[in-house]
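# Residue-level structural notes
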Amino acid sequence: MVTGSSQIWAPWVMDDIHSKAELGRYRIRGFSSFQNVTHFDDLTFLSTGLTRFPLEGYKERCNTRTVIGGLNAEQPLVLETPIYISGMSYGALSANAKIALGKAATMIGSASCTGDGGMLQGERDASDKLVYQVLPSRYGFNPHHLAGAQAVEIVVGQGAKPGTGGMLMGIKVQGDVAEMRDLPQGIDQRSPARHPDWLGPDDLAVKIEQIREATDWRVPVHVKLGACRVDDDVKLAAKAGADAIVIDSMVAGTGASAEVLIEHSGIPTVPAIVMAREALRELGLYGKVSLIASGGIRHGADAAKALALGADAVAIGLGALIALNCNKEIPESNFPEEIGVEAGLCHHCHTGKCPVGIATQDPLLTQRLDPDEGAERVANYINSMTMEMTLLTRSLGKSDVHSLEPEDLAALTLEASAMARIPLVGTNKVFGE
Amino acid sequence: MAAKGEEITVLNPNARHNLGVAIFDMCTIRFEGSVGYYAASMLDGPEVVIEGNAGWALGENMMAGKISVSKNAGASVGSTMRGGELFVGGDAGARAGISMKGGSLIVAGNSGFLTGFMMQKGRIIICGDAGEALGDSMYEGTIYVGGSIASLGADATIEEISEEELLDVLAALRDHGIENKRSFTKVVSAKKLYHYDTLERLEKSAL
Amino acid sequence: MGEQIDGDLVIRIWTENVQDISSVAARSEETVRHAGGVIRSTSTLDQFLRLVVNYQGEVADLADALIKVPGVAIHSIGTTSEVIKDIGTPAMMDVKHGVGEILGTHGIGHVRMATESRVDVNHAHPFWAYPFPDITVVHNGQLTNYHKLKRMYEDQGHHFQTGNDSEIIAVYLAGKLAEGQGLKQALRSSLDDLDGTFTYLVATKDGLGYAKDQWSAKPLVTMETDDVIAIASEEISLRGVFAEEIERIEPQNSEVMTWLL
């Protein structure tokens, strides 16, 4: 008898079909793509040897200060590290989680960002630098909150599910989450895919101007894009007047999305950054319009490589949640009993049953997350990332993380070489040009 | 820009965009002429009068106050508005009252395609005819139409209008000198799209 | 669109490198003569060549011959119309090309924010429906079945000069008109056959028309008096022409309208 297993008709594919045979609709989950795509691990730094002078760790400074949106804004966003915390909704996350993230951002001199549910007062109180998102749903949108933000981010799409809107299952649309969103309790919320008042890049230009009027032209206006047709989208966002462009890749996280969207739309982080950079260069706006990369930034090496490829800053989502205890078996939790899988394998954010109190509205669960302790963990994590970045940067002979450039990297695979437009190790050749 | 309690008249607005955005102080503003996109958007309190047409997104996300435009309003009038009253003396374009979260939108004339799309709360009164896909995907809120309805959108349904409601609608119209409309069709959400019909094991509530 | 002189065609050609214009002009003139045309007048300005030609044959044959000349991009061939497109402001267009002095019954214009294809003069609107004389289109929006339609037309032998989706609207309409459909009917067919967002204007020898997509996603406003009909994306553009208060109408979704001379 012939044995083996099909790669195409794998066991998990069969399980998926069995489920859909009962469900009769598309499947939903949270977390991130399971696809094994080219990522930063396929790039490596070329640290100093004889050609360059390495910098010492302690006495020799390595600057990490980052300015975002200096093009038009009177008060650009100034961060002490090029890493800030991405927008995730109050609703998808618990209040304790949002507050913890806000506190952490303040602790490290960086920013946090609201999300598809409006601004939680607790987050505003905790976060010195808050980026206020304007999403298609406009849930909880308040012009006073907008006017008090340190930056505004118009969300066109997110990497996990580009071309569609937000989603929150009924179990989480409870209490003040439902109230803030002006939704009936318990409804399975599916946000609109389009903005209600502007429908194309030409309208976006007018919308950006409106946001500037509403914020007295003080703060940067960002445009967040899910990475798909990066060249076209970045050029249009820049032409429409964005001060900063956030490019969110296919491996970015989500609290709840249709499985097919998570897996089968969007492009990886590495080519997204490169294409965005080149699009800005063609317009003569590289270095003027800030480029922020997000999606799969896990540690300081990822962040450093993102900057080397051309980003000015990175935003972290899932990473921050994992620092908060996502997928960690804590004393109060019991993953197999409570969520049906071992800690480390959970991606059921959309169920609202998060055993560590992050992606839930259940008070019995949210109390397992202490905002102050959580804040400290996230701050530690981002500090570690920043230290990793500076360690690598110094090993390259550079005193500023913003001096990182593509020539500092070599590609470990053909795909990475083609996507990053960087030579393959051991060769002078960039594959795919 | 505006000081509290003042009355301001803007001459020759020339259909420019972004006039009167995010004004929170109590005052009265009169535009003598047409305005462009986003006029009086994000308003929180003042009264704004426009003698002419308005472009797209008039009164977008208004929180409170009163806006009236004498002639036609372009697409997305009252987009995501949360409170206050917005009156259109002429016709309203497509997506009037889209994603409304409160307040009252009154259109003396006709209203376009996808009026009340994804409406969550509040009230829309159309004295004339409503275009296709009226109230598509609305969650809550109510739409009253005095004329004909080209077609209802997904999950929108006609419900019987009570005497009390009709009197409320007529009273609101009387405030704007409209007395010739006596009967209205009431459109609300059928609430059939609120939930996914089937859930996976883990998606089911513990309840 | 101006006066028609029997058998005369106005041909507007553009070439990418300004150094080439004299040789392109010479070769184009030769091609016209070889095809049996008589050159009435010829003028060049920067990268632009304008020929007035008396030609009795099929415009399609002349166009196919001219397009083979290296460096030639044909902006328009018309019996009563011509397309003038360049990079710059409307004021510059007037100064450089004398647009303000042109007399005619109707015309269309466009300012471009490139959504997908290249940013150059060729990819600017209006698009002439090669090789059908006097049919031009300007478009706001993004067609989403463009590539499929383009391949279909190419398989039928049509020739596209750019990768811009708007060009296909011109070719589509010309095709329908050639089949014998009236302008309004052709516009109405386009609502079903074109996928994506669009508001577009078409100018033919006989008049003007517009079509608005099924989602009313792109703006359009019109103003009409007894003497004139004006159409624009935003009212602010019309205010420059009409100072007085005229009824400004915003068309509905899936709407088409024509005005014929």
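Just so you know, these numbers come straight off a predicted model, no measurement behind them. Residue positions are given per chain, counting from 1 as you read along its sequence in written order. Each chain takes a letter, starting from A, and each ligand takes a number, starting from 1, following the order in which they are written. Restriction of local features to residues with pLDDT of at least 70 applies here, the model being predicted, together with a cutoff of 80 or more for giving and counting side-chain atom pairs; totals for whole chains, interfaces and linings are based on all residues. Side-chain calculation: all heavy atoms of the structure are included, whereas hydrogens and water are not.

### Remarks on the nonpolar core
- Residue types Ala, Val, Leu, Ile, Met, Phe, Trp, Tyr and Cys, when buried and joined through side-chain atoms within 4.5 Å, form a set referred to as a nonpolar core. Throughout, exposure labels follow a simple rule: accessible area from a 1.4 Å probe, protein chains only, divided by the maximum for the residue type, with under 20% read as buried, over 50% as exposed, and the rest as partly exposed. Grouped together as the largest cluster of nonpolar side chains are 103 residues, with contacts concentrated most on Leu309 and Ile358 of chain A.
- Residue contacts follow a heavy-atom distance rule, with two residues in contact if any of their heavy atoms lie within 4.5 Å. Those residues in contact with Leu309 of chain A, other than ones at most four positions away along the chain, are Phe40, Leu43, Val270, Ile273, Val274, Arg277, Pro406, Leu409, Ala420 and Ile422 of chain A.

### Overview of helix H4 (residues 146–155) of chain C
All names here are of chain C.
- Going along the chain from the N terminus, every DSSP run of H or I of four or more residues is numbered as a helix, and every run of E of two or more is numbered as a strand. Of all the positions in H4, only Tyr146, Leu149, Lys150 and Tyr153 are classed as buried. Within H4, the buried residues cover an arc of 100° as seen down the axis, which keeps them to one side. Facing away from the buried side of H4 by over 90 degrees, the exposed positions are Lys148 and Asp155.
- Where H4 is buried, its residues touch strand S6 (136–143), helix H5 (165–178) and helix H6 (183–193). Throughout, the arc means that of the directions going from the helix axis to the C-beta atoms.

### Details of the packing of aromatic side chains
Residues and elements named next belong to chain B.
- Each aromatic pair joins two rings of Phe, Tyr and Trp (for Trp, the six-membered one) with centres within 6.5 Å, and gets the label stacked for planes under 30 degrees apart, edge-to-face for over 60, and tilted for any other angle. For the structure shown, the criterion picks out 7 aromatic pairs over all chains.
- Measuring from centroid to centroid gives 6.3 Å for Tyr139 and Tyr194, while their planes differ by 50°, and the two rings are tilted. Taken together, the positions of Tyr139 in the loop between strand S7 (121–126) and strand S8 (142–145) and Tyr194 in the segment after strand S10 (185–189) put the pair 55 residues apart, joining distant regions of the chain. Each of the two residues, Tyr139 as well as Tyr194, counts as buried.

### So, the pattern of salt bridges
- Any carboxyl oxygen of Asp or Glu that lies within 4 Å of a side-chain nitrogen of Lys or Arg is treated as forming a salt bridge with it. Summed over the entire model, instances satisfying the criterion amount to 38 salt bridges over all chains.
- Its salt-bridge partner being Lys103 of chain A, residue Asp372 of chain A comes within 2.9 Å of it at the nearest N-O pair. Residue Asp372 of chain A is located in helix H14 (residues 371–395), and its partner Lys103 of chain A is located in helix H2 (residues 95–107); the two are separated by 269 residues in the primary sequence.
- A relative accessible area of 28% means that Lys103 of chain A is categorised as partly exposed.
- With a shortest N-O distance of 3.2 Å, Glu82 of chain C and Arg12 of chain C are connected by a salt bridge. A residue pair is termed long-range when its members are at least 10 positions apart, and Glu82 of chain C in the loop between strand S4 (73–78) and helix H3 (90–97) and Arg12 of chain C in strand S1 (residues 8–14) qualify at 70 residues.
- We classify Glu82 of chain C as partly exposed; its relative accessible area is 27%.
- Because the salt bridges share partners, they merge into one network encompassing Asp16, Lys20 and Arg27 of chain A together with Glu200 of chain B.

### Notes on the interface of chain A and chain B
- Facing 46 residues of chain A, the contacting portion of chain B comprises 40 residues.
- Take the accessible area each of two parts loses on contact, using a 1.4 Å probe, and add the two losses: that sum is the buried area. Of the roughly 3900 Å² buried at the junction of chain A and chain B (both faces included), carbon and sulfur atoms supply 55%.
- The salt bridge partner of Lys121 of chain B is Asp182 of chain A, with a shortest N-O separation of 2.9 Å.
- Contacts described as polar in this section are N or O atom pairs within 3.5 Å, which, within protein, must combine one atom able to donate a hydrogen with one able to accept it, while residues neighboring in sequence count only if both atoms come from side chains. In this structure, the connection of chain A to chain B is made through 29 residue pairs in polar contact (both at pLDDT 80 or more).
- Going through the elements one at a time, helix H1 (11–23), helix H4 (143–147), strand S10 (189–190) and helix H6 (201–214) of chain A are the ones with two or more residues in the side of chain A that touches chain B.
- Counting residues per element, the side of chain A that touches chain B draws most heavily on H6 of chain A, at 8 residues.

### With respect to the packing of H4 of chain C against H5 of chain C
Residues and elements named next belong to chain C.
- Axis geometry follows a simple rule: fit a line to the C-alpha atoms, using only the stretch in contact for helices, then measure angles between N-to-C directions, giving values from 0 to 180 degrees. Packing of H4 against H5 brings their axes to within 10 Å, and their N-to-C directions diverge by 45°. By the angle between their directions, the pair H4 and H5 is classed as oblique. Judged by the twist between their axes, the crossing of H4 over H5 is left-handed. On the side of H4, the interface is formed by Tyr146, Leu149, Lys150 and Tyr153, while H5 contributes Asp165, Ile168, Val171 and Tyr172.
- Classification used: nonpolar for Ala, Val, Leu, Ile, Met, Phe, Trp, Tyr, Cys and Pro, charged for Asp, Glu, Lys and Arg, polar for all others including Gly. Looking at the contact of H4 with H5 residue by residue, the classes come out as 6 nonpolar, no polar and 2 charged. Just so you know how the angles are binned, under 35 degrees is roughly parallel, over 145 roughly antiparallel, 65 to 115 roughly perpendicular, and the rest oblique. Two helices crossing with the near one rotated counterclockwise from the far one by less than a right angle form a left-handed crossing, whereas a clockwise rotation gives a right-handed crossing.

### Side note on the pairing of S6 of chain C
Residue and element names in this part refer to chain C.
- Most of S6 is tucked away, with 8 of its 8 residues classed as buried.
- Along S6, one buried face is formed by Thr136, Val138, Asn140 and Gln142 and the opposite face, lined by Val137, His139, Gly141 and Leu143, is buried too.
- Here a strand pair is declared whenever DSSP counts at least two bridges between the two strands. Bridge count between S6 and strand S7 (residues 196–203): 8 bridges; the pairing is antiparallel. Residue pairing across strands places Leu143 opposite Gly196, the latter belonging to S7.

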